[in-house]
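Topology and contacts: notes
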Amino acid sequence: MDTSQITGTTVRRITPGYISQRLPRTNTIAMNQAYIRKIITNPRTPQCNRDAAIQYVMDNPDRFIPRSTNTGDPAHDNHNRMRNGSADPCFVSRVRDIVKRNRRRL
């Protein structure tokens, strides 16, 4: 018996703990950005989950901002290049713009 028409679909809420599990420290910054971008841009994602993903980025910007690759130490620069992957340097500012646009609508 299908009860989805009676009860509606169940929204599974994303929590900061769940996002932390999905973004282990071994991920590159580009992988972290891609995961959040996938949540935010998916039209089927409920607004509460988009808001949770955006808030996670605002609370943990160090996991989404690429590290400097010209520190003067070649070993450190190489490590940062590998850690960054192909990260977008403007990712956090774009997420902040989404927050500003959403506040103007209210």
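Residues numbered from 1 in each chain as written. Predicted model: local features only at pLDDT ≥ 70, side-chain atom pairs only at ≥ 80, totals over all residues. Heavy atoms only, no water.

**Some points on the overall build of the protein**
The condition that has to hold: In DSSP terms, a helix is any run of H or I states spanning at least four residues, a strand is any run of E spanning at least two, and both are numbered starting from the N terminus. Only protein chains enter the calculation, and the probe is 1.4 Å; a residue is then buried if its accessible area is under 20% of its type maximum, exposed if over 50%, and partly exposed in between. Whether two residues touch is decided by their heavy atoms; if any such pair falls within 4.5 Å, the residues are in contact. Method for areas: the Shrake-Rupley scheme with a 1.4 Å probe, in which residue coverage is limited to the protein chains shown.
For the protein, the helix and strand inventory stands at 6 helices and 0 strands. Reading the secondary structure of the protein in the N-to-C direction produces α-α-α-α-α-α. Burial analysis of the protein (106 residues in total) assigns 31% to the buried set. Within the protein, residue pairs in contact and separated by at least 24 positions form 65% of the contacts whose partners lie at least 6 positions apart. Element-wise, carbon and sulfur atoms account for 51% of the exposed surface of the protein, whose accessible area totals about 7600 Å².

**Things to note about the pattern of salt bridges**
This is how the line gets drawn: By salt bridge we mean one thing: a side-chain nitrogen of Lys or Arg within 4 Å of a carboxyl oxygen of Asp or Glu.
One pass over the structure, following the stated rule, counts 1 salt bridge. A salt bridge links Asp-88 to Arg-94; its shortest N-O distance comes to 2.2 Å. Look at Asp-88 and you get buried, because its relative accessible area is 17%. For Arg-94, a relative accessible area of 47% puts it in the partly exposed group.

**Concerning the nonpolar core**
Note the following rule: Residues belong to one nonpolar core when they are buried, are Ala, Val, Leu, Ile, Met, Phe, Trp, Tyr or Cys, and are joined through side-chain atoms within 4.5 Å.
Counting 16 residues, the largest nonpolar core has Ile-19, Leu-23, Ile-36, Val-57, Phe-64, Phe-91 and Val-95 as the members making the most contacts within it. Here Val-95 is in contact with Ile-40, Ile-54, Val-57 and Met-58, once residues within four sequence places are set aside.

**Overview of the side chain of Asn-27**
Tracing the backbone shows Asn-27 in the loop between α2 (16-22) and α3 (29-41). Using a relative accessible area of 11% as the deciding quantity, one classes Asn-27 as buried.

**Here we look at the side chain of Asp-88**
Basically, it comes down to this: Any pair of N or O atoms that falls within 3.5 Å is considered a polar contact. Within protein, one atom must be able to donate a hydrogen and the other to accept it, and sequence-neighbouring residues count only if both atoms are side-chain atoms.
Note that Asp-88 resides in the loop between α5 (74-84) and α6 (91-105). A distance of 3.1 Å separates a polar atom in the side chain of Asp-88 from the backbone nitrogen of Cys-90. For Asp-88, the residues in contact, after removing those within four places along its chain, are Gln-33, Arg-37, Pro-66 and Arg-94.

**Structural notes on the layout of surface pockets**
To keep things clear, this is the line we draw: Every definition here rests on a 1 Å grid over the protein atoms only: cavities are sets of points where a 1.4 Å probe fits but cannot get out, pockets are open sets enclosed by protein on both sides within 12 Å along at least five of seven lines, and lining residues have some atom within 4 Å of a point. Grid points are joined across faces, edges and corners, and a volume is the space filled by probe spheres set on the points. Gly is placed with the polar residues, together with every amino acid not listed as nonpolar (Ala, Val, Leu, Ile, Met, Phe, Trp, Tyr, Cys and Pro) or charged (Asp, Glu, Lys and Arg).
Empty space within the second largest pocket amounts to approximately 180 Å³. Taken together, Ile-14, Tyr-35, Lys-38, Ile-39, Asn-42, Arg-44, Thr-45, Pro-46 and Asn-49 make up the lining of the second largest pocket. Broken down by element, the lining of the second largest pocket gets its largest block of residues, 3 residues, from α3. When the residues that make up the lining of the second largest pocket are grouped by side-chain class, the tally is 4 nonpolar, 3 polar and 2 charged.

**Here we look at the confidence of the model for the protein**
So the rule is basically this: Confidence of the predictor at the level of single residues is given by pLDDT, which spans 0 to 100.
Put simply, the protein has an average pLDDT of 88, and 90% of its residues get 70 or more. Looking at the elements of the protein, mean pLDDT is at its lowest for helix α1 (residues 4-7), recorded as 62, and at its highest for α3, recorded as 95.

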